[in-house]
Amino acid sequence: MASPSRRLQTKPVITCLKSVLLTYTFVFWVSGIVLLAVGVWGRVSLAVYFSLLDEKATNVPFVLVGAGTVVVLLGTFGCFATCRGSTWMLKLYAMLLSLIFLIVLVAAVVGFVFRHEIKTNFESNLNLALRDYNVTADRHSEAVDTIQRTLHCCGVQNYSDWERTEYFTQRGIPQSCCKSQDDCSEEDLKDPSKAKLKVFVDGCFFLVTSTMESKMSVVAGISFGIACFQLVGIILACCLSQYITNNQYEMV
């Protein structure tokens, strides 16, 4: 049995670790709410771009929402485990934090590795959307119009891409490319030389990928920050569990 003075020294350390871990767990729980918000924001703000990507890429926001939900639940469990001072619950908490850390890390690496493939896929689908463009307001045509109006661009690489489409032979360049709707007649849009003065000349591909990269950088930065923050929780949970175990041993 350890001396009373030794046990008295251990208890303040345990109390301090509990307080720090509870504070961490609360912040971790809040980070889950942030992940949920980022996932919803990504889905809403990037919806028009995701509509021109493969289904796998469109699942990214849902993955963040799912991760946020797991973090909130895990944070709640961590708070309960800390208050109870249960060693096995603290160890389980540390293991689950480690698992989530590895999953987020792998997801970040996979996203970084395949970022060029996503760009290529988007360019291919944007070209297909231009080729099949029509005025019946299908999903891809609406996405093209929204992108062109929002980013003030036209076509994939430039406005002349529309000249190779079936829609151009019938109606000319779409109205969504016009700088001013009041000064952009159908006759002007059918004449490339006149249309050049009436429409946005820059293509959408570069602008879209730049916009997506800037917004996805925010998502990736927040996700990576939360992943690194989990390392603190893993260390704290392991330390607290070890101190509680030692204190129980010293009392024997």
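The shown structure was predicted, so the numbers you read here are calculated from the model rather than taken from an experiment.

Draft legend 1. Seen up close, the confidence of the model for the protein chain. Per-residue pLDDT for the protein chain has a mean of 79; in total, 83% of the residues score no lower than 70. Looking across the protein chain, the model is least confident in helix H3 (residues 55-58), with a mean pLDDT of 58, and most confident in helix H8 (residues 166-171), with 87. Every residue in residues 1-8 is under pLDDT 50, and counting partners more than four places away or in other chains gives ten contacts.

Draft legend 2. Region of interest: a nonpolar patch on the surface. Among the surface-exposed residues, Phe26, Val27, Trp29, Val30, Ile33 and Val34 lie close enough to one another that they form a single nonpolar patch of about 480 Å² accessible area. In this structure, Val34 sits in helix H1 (residues 4-45). In this structure Val34 comes out as partly exposed when scored by relative accessible area, which is 34%.

Draft legend 3. Summary view of the state of the cysteines. Scanning all chains against the criterion turns up three disulfides. Paired through a disulfide, Cys153 and Cys204 show a sulfur-sulfur distance of 2.0 Å. Taking the torsion about the sulfur-sulfur bond, which here is approximately 100°, the covalent link between Cys153 and Cys204 counts as right-handed. You can see Cys153 sitting in the loop between helix H7 (139-151) and H8 and its partner Cys204 sitting in helix H11 (residues 204-251), a full 51 residues away along the chain. A residue is classified by how much of its surface remains accessible, and Cys153, at 0% relative accessible area, is buried. Cys204 gets classed as buried once you look at its relative accessible area, which sits at 2%. The partner cysteine of Cys178 in its disulfide is Cys184, sulfur to sulfur 2.0 Å. Residues Cys178 and Cys184 are joined by a disulfide whose S-S torsion is about -70°; by sign, that bridge is left-handed. Each member of the pair, Cys178 together with Cys184, is buried. Counting only the cysteines that take part in disulfides, in the order they occur along the protein chain, gives the pairing 1-6, 2-3, 4-5. You can see Cys238 has no disulfide; the closest cysteine sulfur is in Cys239, sitting 7.0 Å from it. On the accessibility criterion, Cys239 (32% relative accessible area) is partly exposed.

Draft legend 4. Here's a closer look at the packing of aromatic side chains. For the structure shown, the criterion picks out five aromatic pairs. With centroids separated by 5.0 Å and ring planes inclined at 80°, the aromatic side chains of Tyr133 and Trp162 adopt a geometry described as edge-to-face. Residue Tyr133 is found in the loop between helix H6 (115-131) and H7, and its partner Trp162 is found in the loop between H7 and H8; the two are separated by 29 residues along the sequence. Just as Tyr133 is buried, Trp162 falls in that class too. Grouped by ring-pair contacts, the aromatic residues Tyr133, Trp162 and Tyr167 constitute a single cluster.

Draft legend 5. Representation of the nonpolar core within the structure. By size, the foremost hydrophobic cluster in this structure holds 31 residues, and its most contacted members are Leu126, Ile147, Trp162, Ile173 and Val208. Counting residues per element, the ones that place at least two in this core are helix H2 (47-50), H6, H7, H8 and H11. Beyond its immediate chain neighbours, meaning those up to four positions away, Ile147 contacts Val48, Tyr49, Leu52, Phe122, His152, Cys153, Cys204 and Val208.

Draft legend 6. Structural context of the side chain of Asp145. Structurally, Asp145 can be placed in helix H7. Although Asp145 is buried, it makes no salt bridge; Arg149 carries the closest opposite charge, 4.7 Å away. Every residue in contact with Asp145, bar those within four places of it in the chain, is listed here: Tyr133, Pro174 and Ser176.

Draft legend 7. Fine view of the pattern of salt bridges. Applying the stated criterion across every chain yields a total of five salt bridges. Linking Arg131 and Asp132 is a salt bridge whose minimum nitrogen-to-oxygen distance equals 3.2 Å. For Arg164, the salt bridge identified is with Asp161, shortest N-O distance 2.5 Å. Given the relative accessible area of 10%, Asp161 is considered buried. In this structure, a network of salt bridges that share partners links the residues Arg171, Glu186 and Lys190.

The rules behind the values
Residues numbered from 1 in each chain as written. Predicted model: local features only at pLDDT ≥ 70, side-chain atom pairs only at ≥ 80, totals over all residues. Heavy atoms only, no water. pLDDT = per-residue confidence, 0-100. Helix = DSSP H or I, 4+ residues; strand = E, 2+ residues; numbered from the N terminus. Contact = heavy atoms within 4.5 Å. Patch = residues over 30% accessible without salt bridge, like charges linked within 9 Å, V, L, I, M, F, W, Y side chains within 5 Å. Areas by Shrake-Rupley, 256 points an atom, 1.4 Å probe, with all protein chains shown as cover. Salt bridge = Lys/Arg side-chain N within 4 Å of Asp/Glu carboxyl O. Buried < 20%, exposed > 50% of the residue type's maximum accessible area, 1.4 Å probe, protein only. Disulfide = S-S within 2.5 Å. Phe/Tyr/Trp six-rings, centres within 6.5 Å; stacked < 30°, edge-to-face > 60°. Core = buried A, V, L, I, M, F, W, Y, C linked by side-chain atoms within 4.5 Å. Lys, Arg positive; Asp, Glu negative; His and termini not counted.

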